[in-house]
Amino acid sequence: MTPRKIIIDTDPGQDDAVAILLALASPAEIAVLGITAVAGNVPLPLTEKNTRIVCELAGRPDVKVFAGCDAPLSRPLVTAEHVHGKTGLDGPQMADPTMPLQDQHAVDFIIQTLREEPAGTVTLVPVGPLTNIATAFQRAPDIIPRVQEIVLMGGAYFEVGNITPAAEFNIYVDPEAAKIVFDAGVPLVVMPLDVTHKALTTKTRIDAFRAMGTKVGDMVAAWTDFFERFDMEKYGSEGAPLHDPCTIAYLIQPQLFSGRQINVEIETSSELTLGMTVADWWGITDRPKNALFIGDLDAEGFYALLAERLARL
Ligand code: RIB
Ligand code: CA
């Protein structure tokens, strides 16, 4: 089986970090062509720095990391330090990265890669606001039909919003970008809060990371310890949802997940429901079924995969 070529677009964020580690720990299934940072959980200077920290933690200073858009298409940036901490990777102490940041802008890298790789062979995996992806589509519409698939973390329907009562953070930060991506006609797999809120950390699951006795295991345990406090307080849950790794786990073991091919539209005009993913789960409209909207996962299988792969690093 040839590994799936992907570009991860990210705003680390502890859960983004685990997604990047899972991808880099799975070379048989995934070939990471590059990682593009976007402003989101924290501002761009931190998301690009955090991306390089994670690549070095994985022992992969060779990975090409690019800085992208530092603000949404047409709105001021909203960040989430209240969830991820001031650095975006709060929890453990971390040294500054020494690996280089690429000079090329992330959007130019996305465009160039999609033009140079054979059509239909590159998957985009955005796990932050969709500003970089939308900007690439706007600047170079010719790349849109060349994208194999977009597997993204974002949105919510039955689980409703986490940054407003109606909207999930990644979509809310740049709803105009999300609309461009959801309307582009590229095959779309959406990992909304409906499924990520079933991928909860637990003490046993975090202890399994710590029991690895590796730097990666210790860092992931410390990140999830920090990251879960916000969700546990807000939802009264036993643990926190590991949102972003669901995208990578889907690429490795899609059978862990289930969902429906439905229409999903993005609210961009109502201030009250701005950024809502309006998911036609019951097929009430005849709008195009543009997204595989994932609603469930085998959480035990997901964490078993995560533990097995992270232990390799
Ligand atoms: O709403 C969850 C999403 O917002 C995740 O991608 C998390 O990293 C934050 O970016
Ligand atoms: Ca993220």
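This text gives an overview of the structure that appears in the document. (Residues numbered from 1 in each chain as written. Chains lettered and ligands numbered in written order. Predicted model: local features only at pLDDT ≥ 70, side-chain atom pairs only at ≥ 80, totals over all residues. Heavy atoms only, no water.)

### Re helix α5 (residues 131-139)
What counts, and what does not: Relative accessibility thresholds used throughout: buried, under 20% of the residue-type maximum; exposed, over 50%; partly exposed, between the two (1.4 Å probe, protein chains only). Helical segments are the DSSP runs of H or I of at least four residues, strand segments are the runs of E of at least two, and each set is numbered from the N terminus. Whether two residues are in contact is decided by their heavy atoms: any pair within 4.5 Å suffices.
Judged by how many residues are buried, α5 sits mostly within the fold: seven of nine residues are covered. When we look at burial in α5, the residues that qualify are Thr131, Asn132, Ile133, Ala134, Thr135, Ala136 and Phe137. In this structure, the buried side of α5 is in contact with β1 (4-10), β2 (30-37), α4 (106-116), β4 (122-126), β5 (147-153) and α7 (175-182).

### What about the site of ligand 1?
So the rule is basically this: When at least one non-hydrogen atom of a residue lies within 4 Å of a molecule or strand, that residue is treated as near it. Think of a polar contact as two N or O atoms within 3.5 Å of one another; within protein, one of them needs to be a possible hydrogen donor and the other a possible acceptor, and neighboring residues in sequence only count if both atoms come from side chains. A pocket here means an open set of points on a 1 Å grid, computed over the protein atoms alone, that has protein on both sides within 12 Å along at least five of seven lines. A cavity is instead a set of points where a 1.4 Å probe fits but cannot get out; residues with an atom within 4 Å of a point line either one. Put plainly, a molecule is in a cavity or pocket when over half of its atoms are within 2 Å of the grid points there.
By nearness alone, 13 residues border ligand 1, and Asp15, Asp16, Asn162, Glu168 and Asp244 come closest of all. Asn170 is positioned such that a nitrogen or oxygen atom in its side chain is 2.9 Å from an oxygen atom of ligand 1. When each cavity is represented as a set of grid points, ligand 1 is found to reside in the largest cavity. Secondary-structure elements contributing two or more residues to the shell around ligand 1 are α1 (14-24) and α6 (169-173).

### Some details on the layout of surface pockets
Formally: Grid points are joined across faces, edges and corners, and a volume is the space filled by probe spheres set on the points. When residues are sorted by character, Ala, Val, Leu, Ile, Met, Phe, Trp, Tyr, Cys and Pro go into the nonpolar class, Asp, Glu, Lys and Arg into the charged class, and all the rest, Gly among them, into the polar class.
Estimated volume of the largest pocket: approximately 170 Å³. Lining the largest pocket we find 13 residues, and of these Lys49, Thr87, Asp90, Pro92 and Met94 sit closest to its centre. Across the lining of the largest pocket, the residue classes tally to six nonpolar, four polar and three charged.

### Points about the pattern of salt bridges
Spelled out, the test is: By convention in these notes, a salt bridge is any Lys or Arg side-chain nitrogen within 4 Å of a carboxyl oxygen on Asp or Glu.
In this structure the tally under the stated criterion is 17 salt bridges. A salt bridge links Glu176 to Arg75; the shortest N-O distance between them is 2.9 Å. Of this pair, Glu176 sits in helix α7 while Arg75 sits in the loop between β3 (65-67) and α3 (81-84), placing them 101 residues apart in sequence. Under the relative-accessibility criterion, Arg75 is labelled partly exposed at 23%. What you see here is one network of salt bridges that share partners, running through Glu29, Glu308, Arg309 and Arg312.

### Things to note about helix α10 (residues 215-235)
The following threshold applies: Helix span is expected to be 1.5 Å times the residue number reduced by one. Across the chain, bend at a residue is computed as the angle between axes fitted to the seven residues ending at that point and the seven starting from it.
Under the 1.5 Å per step criterion, the end-to-end length of α10 is 30 Å for 21 residues, consistent within 8% with the ideal 30 Å. In the structure, α10 departs most strongly from a straight axis at Glu228, where the bend amounts to approximately 30 degrees. The complete set of buried residues in α10 reads Val216, Gly217, Met219, Val220, Ala221, Trp223, Thr224, Phe227, Glu228 and Asp231. Looking at the residues trailing α10, positive phi occurs at Gly236, about 65 degrees.

Coordinates in, geometry out; function isn't part of it.
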